[in-house]
Amino acid sequence: MPKANQMNTVPVVVNSEACIADKGCTVCVDVCPLDVLLIDTALGTAYMKYDECWYCLPCEKDCPTNAITVSIPYLLR
Amino acid sequence: MNDKTETDEFLEVDVLVIGGGTAGPMAAVKAKEANPKLRVAVLEKANVKRSGCISMGMDGLNNAVIPGHATPEQYVKEITIANDGIVNQKTVMAYAERSFDMINQLDEWGVKFEKDETGDYNVKKVHHMGTYVLPMPEGHNMKKILYRQLRRKRVQVINRFMATRLFNGPDGRISGAMLLNPRTGETAVIRAKTVILCTGAAGRLGLPSSGYLFGTYENPTNAGDGYAMAYHAGAELTGLECYQINPLIKDYNGPACAYVTGPMGGYTANAHGERFIECDYWSGQMMMEFHKELEGGKGPVFLKLDHLAEETVEEIEEILHSNERPSRGRFHENRNTNYREKMVEMHISEIGFCSGHSASGIWTDENARTTVPGLYAAGDVGSVPHNYMLGAFVYGAIAGEDAADFCESNDFAEIDPAEIATERERILAPLKREDGIPPHQIEYKLRRLVNDYLQPPKVTRKMEIGQERFAEIRRDLENMSAADPHELMRANEVSFILDCAEMAAAASLYRTESRWGLYHHRVDFPETDNAEWFVHVQTMKGENGMPINFKRDIDSYIVELDESERDAYQKLRVSSTQTES
Ligand SMILES: Cc1cc2nc3c(=O)[nH]c(=O)nc-3n(C[C@H](O)[C@H](O)[C@H](O)COP(=O)(O)OP(=O)(O)OC[C@H]3O[C@@H](n4cnc5c(N)ncnc54)[C@H](O)[C@@H]3O)c2cc1C
Ligand code: SF4
Ligand code: SF4
């Protein structure tokens, strides 16, 4: 089947300066109930891979370095 | 994709709890307390540290039965009336009788409830008749406290595995579950003497009006998994036509939250700022009045706080912006909504199944037993109406204790290897299919159809057309393709959602009357017909794989209703704002 690749903005922004995924942190990935965060091993930071967020905030609250900011997903902002 | 799945890992436990949100951890802890020698595991699709409805905490107990404020009998009455009489009172009573002990247990574990100067629980009136709401202004630590108990009682925790199907032994008894790892695509099998389903509501049935698949009222991890698994395991479900529909902040789709603001002077109002319902407690009748006002000339509907004193507003902000759905402050900020100046626009949620708020669930008795031996259900997926968080805890405890008992006298039932192979193939198929429709596209269409055809007001012909569209979606599932294990999880959830949609349509069509206000408002059968329909409507999987429905008598009441109270919930509208309906 032919497919199109559509872009979405995602609600989670990770501050790559503050993120310590390169030191082995995976807290946000561990706690997210929707399992939408991942670690980019090349860049050593967490990022949001899937636009499937409940804007519930465990990722932001539990991040040890306050690297995560969750905003309200665009469609309901 | 390397296929590691031919050699399924095979685990064995006595009690398998599926879902580690609210009811689940309690069930596991209580099973262990009942018999520390049992092997008890909690299986969780996410991570028990932050999973389920209470992932960030909770604003309060919505149904606390506390001596001095309410008796179990009063509570049973209130819920019977709020649910238009269709209740198995024994199940509500079993909750009510343990409600206070559970609050004390949670208090002892470190959950912080609001107390007055003398140290008594500070209960508030929100319901139409009695007083049952106990605030938890510092309710953010629920999950931490439960996790500590899981550790202390040595419960085995299995995170990031979702259950996809249950297995039955040759005699029909429950024998285990199939699991899928949503990160690796690995499958596994757990053999168990008992299974306790605590998988929460069917939160992804309808599509929220924002159109965002995951902007649901319920935690969207709860796609209806447990409803579908129980159905395929041959269990009876009940009240699926009694949808969950809630009044929420428009677009944000979280509670507005009259339970918190009501006792502090806030209320639900129309565009003129007038109160139009006597009571903000969520019920089908309340939702009916809400719906009328929303669609009427004085609509839409708002949460009104702009008349409150500065300290009160600050206190409300402190609770609502830090606890249960803490992102709501950001939502209001984006739209320049300040409670002091503007009323907050409200709307109604998508439809779902949930006994926590409404009454739709897997049929259980007062011991949390389903109709399949060895299978239990507790929390939102169970069938004790308006059970909320404390009900999830109490029924989790009841299920855990009864399951521990069941293990004493029952050994493992066999799992048929052929069934495992079939199930493995079924759940992995979308990953193996390289070219096909992505799960999110099918999900969007399916849930849009649910809105178009099943959402009340319900119309017979529309629901039938819905069934035709669902049959087409069922064929589309044969063509669904997942790009990675994460999408494979979503693909499997889509199949749960479709099962739920088919069950919702069948049960709604079966009950040819109107009941529960908006929840089951059938335009072509507008009257409540007690002669024919004062019964439970049950759903099971039929021979042809489609839902069948039948009636189940209501057990004789253990608490009689006074004639004068019977229709208290039919009189929710403020009389000066009477509309033509
Ligand atoms: C936004 C919101 C606000 C609420 N506010 C209040 C309140 O103030 N007071 C109150 O009393 N009640 C409130 N409730 C209701 C209350 O939270 C619920 O009734 C209760 O928490 C339900 O518990 P549960 O265990 O059934 O479901 P959950 O706590 O949601 O747990 C279900 C768990 O099952 C897991 N799961 C799902 N499918 C699978 C699968 N296939 N395999 C493995 N695991 C799976 C999920 O990840 C989840 O962790 C609120 C609910 C919501 C959504
Ligand atoms: S929790 Fe914070 S520091 Fe850790 S990986 Fe996530 S963003 Fe980075
Ligand atoms: S807000 Fe919730 S759903 Fe969204 S990424 Fe964070 S933890 Fe996950």
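Residues numbered from 1 in each chain as written. Chains lettered and ligands numbered in written order. Predicted model: local features only at pLDDT ≥ 70, side-chain atom pairs only at ≥ 80, totals over all residues. Heavy atoms only, no water.

*Asks:* Would you mind showing me how to read the overall build of chain A here?
*Replies:* Each helix and strand in chain A was counted, giving two helices and four strands. Sequence-ordered secondary structure for chain A, helices as α and strands as β, is β-α-β-β-α-β. Taken along the three principal axes of its C-alpha coordinates, chain A extends 40 × 30 × 20 Å. Buried residues in chain A amount to 47% of all 77 residues. Across chain A, the fraction of contacts at a sequence separation of at least 24, relative to all contacts at a separation of at least 6, is 53%. Taken as a whole, chain A presents about 4200 Å² of accessible surface, with 53% of it coming from carbon and sulfur. Side chains of chain A carry 5 positive and 9 negative charges; the gap between the two charge centres is 5 Å. (Helix = DSSP H or I, 4+ residues; strand = E, 2+ residues; numbered from the N terminus. Buried < 20%, exposed > 50% of the residue type's maximum accessible area, 1.4 Å probe, protein only. Contact = heavy atoms within 4.5 Å. Areas by Shrake-Rupley, 256 points an atom, 1.4 Å probe, with all protein chains shown as cover. Lys, Arg positive; Asp, Glu negative; His and termini not counted. Charge placed at Lys NZ, Arg CZ, Asp CG, Glu CD.)

*Asks:* Explain the site of ligand 2 here, please?
*Replies:* Near ligand 2, the surroundings consist of 14 residues, among which C19, I20, C25, C28 and C63 of chain A are the closest. Grouping the constituent residues of the shell around ligand 2 by class yields 13 nonpolar, one polar and no charged. (Near = heavy atom within 4 Å. Nonpolar A, V, L, I, M, F, W, Y, C, P; charged D, E, K, R; others polar.)

*Asks:* Teacher, can you tell me more about the sheet that holds strand β12 (residues 301-304) of chain B here?
*Replies:* Adjacent strands of a sheet pair through backbone hydrogen bonds, lying either parallel or antiparallel. All names here are of chain B. Sheet architecture is open: four strands sit in the order β10-β13-β12-β11, paired in antiparallel fashion. The open sheet terminates on both sides in strands that have one partner only, identified here as β10 (247-249) and β11 (267-269). The sheet shows a mean angle of 40° between the axes of neighbouring strands, direction not considered. The sheet contact formed by β11 and β12 spans three bridges and is antiparallel. Pairing of Y267 across the sheet is with K304, part of β12. (Pairing = 2+ DSSP bridges. Axes fitted to C-alpha atoms, helices over the stretch in contact; angles between N-to-C directions.)

*Asks:* For this particular structure, what's the right way to read the pattern of salt bridges?
*Replies:* In a structure, side chains of opposite charge can pair up when their charged atoms sit close to one another. Taken as a whole and judged by the stated rule, the model has 48 salt bridges over all chains. Where R191 of chain B meets E12 of chain B, a salt bridge forms, and the shortest distance between an N and an O atom there is 3.2 Å. In this pair, R191 of chain B is assigned in strand β8 (residues 187-197) and E12 of chain B in strand β1 (residues 9-18), connecting sequence segments 179 residues apart. Classification of R191 of chain B as buried rests on a relative accessible area of 15%. In this structure, E493 of chain B engages K45 of chain B in a salt bridge whose closest nitrogen and oxygen atoms are separated by 2.7 Å. One end of the pair, E493 of chain B, is in helix α14 (residues 485-510); the other, K45 of chain B, is in the loop between β2 (40-44) and β3 (60-61), and 448 residues separate them in sequence. Among the charged side chains, a salt-bridge network with shared partners connects E52 of chain A together with K45, R204, D225, E443, R447, R490 and E493 of chain B. (Salt bridge = Lys/Arg side-chain N within 4 Å of Asp/Glu carboxyl O.)

*Asks:* Sorry if this is basic, but what is going on with the packing of helix α1 (residues 23-34) of chain B against helix α4 (residues 142-152) of chain B here?
*Replies:* Each pair of packed helices gets described by two things: the angle between the helix axes and the distance between those axes. Residues and elements named next belong to chain B. Viewed as axis vectors pointing N to C, α1 and α4 meet at an angle of 30°, and their least axial separation amounts to 10 Å. The pairing of α1 with α4 is recorded here as roughly parallel in orientation. Seen along the crossing, α1 lies across α4 with a hand that is left-handed. The segment α1 lies against α4, with P25, A28 and V29 engaging L146, Q149 and L150. Here the residues of the contact of α1 with α4 sort into five nonpolar, one polar and no charged. (Parallel < 35°, antiparallel > 145°, perpendicular 65-115°, else oblique. Left-handed = near helix turned anticlockwise from the far one by under 90°.)

*Asks:* What is the right way to look at the interface of chain B and chain A in this model?
*Replies:* For interface size, the figure often reported is the accessible area lost on association. Between chain B and chain A, the residue contacts involve 37 residues of the former and 29 residues of the latter. For the pair chain B and chain A, the two sides together bury roughly 3100 Å², of which 53% comes from carbon and sulfur. Considering only the surface of chain B that becomes buried against chain A, R50, Y212 and R330 of chain B emerge as the three largest contributors, covering 22% of it. The interface formed by chain B and chain A holds seven salt bridges in total. Notably, a salt bridge pairs R160 of chain B with D35 of chain A, separated by 3.7 Å at the nearest N-O pair. At the boundary of chain B and chain A, one finds 27 residue pairs in polar contact (both at pLDDT 80 or more). (Buried area = accessible area lost by both parts, 1.4 Å probe. Polar contact = N/O pair within 3.5 Å; in protein donor to acceptor, adjacent residues only side chain to side chain.)

*Asks:* Sorry, what's going on with the environment of K30 of chain B here?
*Replies:* Residue and element names in this part refer to chain B. In this structure, K30 sits in helix α1. The spacing of K30 and L375 is 345 residues in sequence and 16 Å in space, taken between C-alpha atoms. Polar contacts involving the side chain of K30 include one to the side chain of Q105, which spans 2.5 Å.

*Asks:* What should I look at first to understand empty space enclosed by the protein in this one?
*Replies:* Rolled over the atoms, a probe as big as a water molecule pinpoints where empty space is left. All names here are of chain B. A full pass over the atoms with the stated rule returns nine cavities of 30 Å³ or more. Computed from the structure, the largest cavity encloses a volume of approximately 120 Å³. Taken together, 16 residues make up the lining of the largest cavity; nearest its centre are I86, T238, A359, S383 and H536. Split by residue class, the lining of the largest cavity holds eight nonpolar, eight polar and no charged. (1 Å grid on protein atoms, 1.4 Å probe; cavity = no way out; pocket = protein on both sides within 12 Å on 5 of 7 lines; lining within 4 Å. Points joined across faces, edges and corners; volume = space filled by probe spheres on them.)

*Asks:* What's the story with the nonpolar core in this structure? I'm lost.
*Replies:* Across soluble globular proteins, you tend to see nonpolar side chains buried next to one another. With 220 residues, the main nonpolar core has L37 of chain A together with L16, I18, L166 and F393 of chain B as its most contacted residues. Of the residues that make up this core, three or more belong to each of domain 1 (247-348) and domain 2 (426-552) of chain B. Setting aside residues no more than four positions away along its own chain, L16 of chain B makes contact with A41, L43, A177, I190, A192, T194, V195 and I196 of chain B. (Core = buried A, V, L, I, M, F, W, Y, C linked by side-chain atoms within 4.5 Å. Domains from an automatic or database assignment.)

*Asks:* Can you help me understand the packing of aromatic side chains in this one?
*Replies:* To describe a pair of aromatic rings, you give the distance between the ring centres and the angle between the ring planes. Residues and elements named next belong to chain B. Evaluated as defined, the whole model comprises twelve aromatic pairs over all chains. Between F100 and Y121, the aromatic rings sit 6.3 Å apart at their centres with planes inclined by 85°, giving edge-to-face as the arrangement. Taken together, the residues F100 in helix α3 (residues 89-109) and Y121 in the loop between α3 and β4 (134-135) connect sequence positions 21 residues apart. With relative accessibility at 26%, the residue F100 sits in the partly exposed group. Pairing Y259 with Y281 gives two aromatic rings, centres 5.9 Å apart and planes at 15°, and the pair type is stacked. Of the two residues, Y259 is situated in helix α6 (residues 258-261) and Y281 in the loop between β11 and α7 (284-295); the sequence distance between them amounts to 22 residues. (Phe/Tyr/Trp six-rings, centres within 6.5 Å; stacked < 30°, edge-to-face > 60°.)

*Asks:* Can you help me understand the side chain of N62 of chain B in this one?
*Replies:* Residue and element names in this part refer to chain B. In this structure, N62 sits in the loop between β3 and α2 (72-82). A relative accessible area of 15% means that N62 is categorised as buried. Beyond its immediate stretch of four places on either side in the chain, N62 contacts H127, Y132, V133, Y259 and Y388.

*Asks:* Which parts of the structure should I look at to understand the layout of surface pockets?
*Replies:* The space that makes up the largest pocket amounts to roughly 1200 Å³. Along its surface, the largest pocket is lined by 34 residues, and Q6, M7, N8 and D51 of chain A together with H440 of chain B are the ones closest to its centre. Listed by contribution, the elements that provide at least two residues to the lining of the largest pocket are α12 (439-454) and α14 of chain B. The element that contributes the greatest number of residues to the lining of the largest pocket is α12 of chain B, accounting for five residues.

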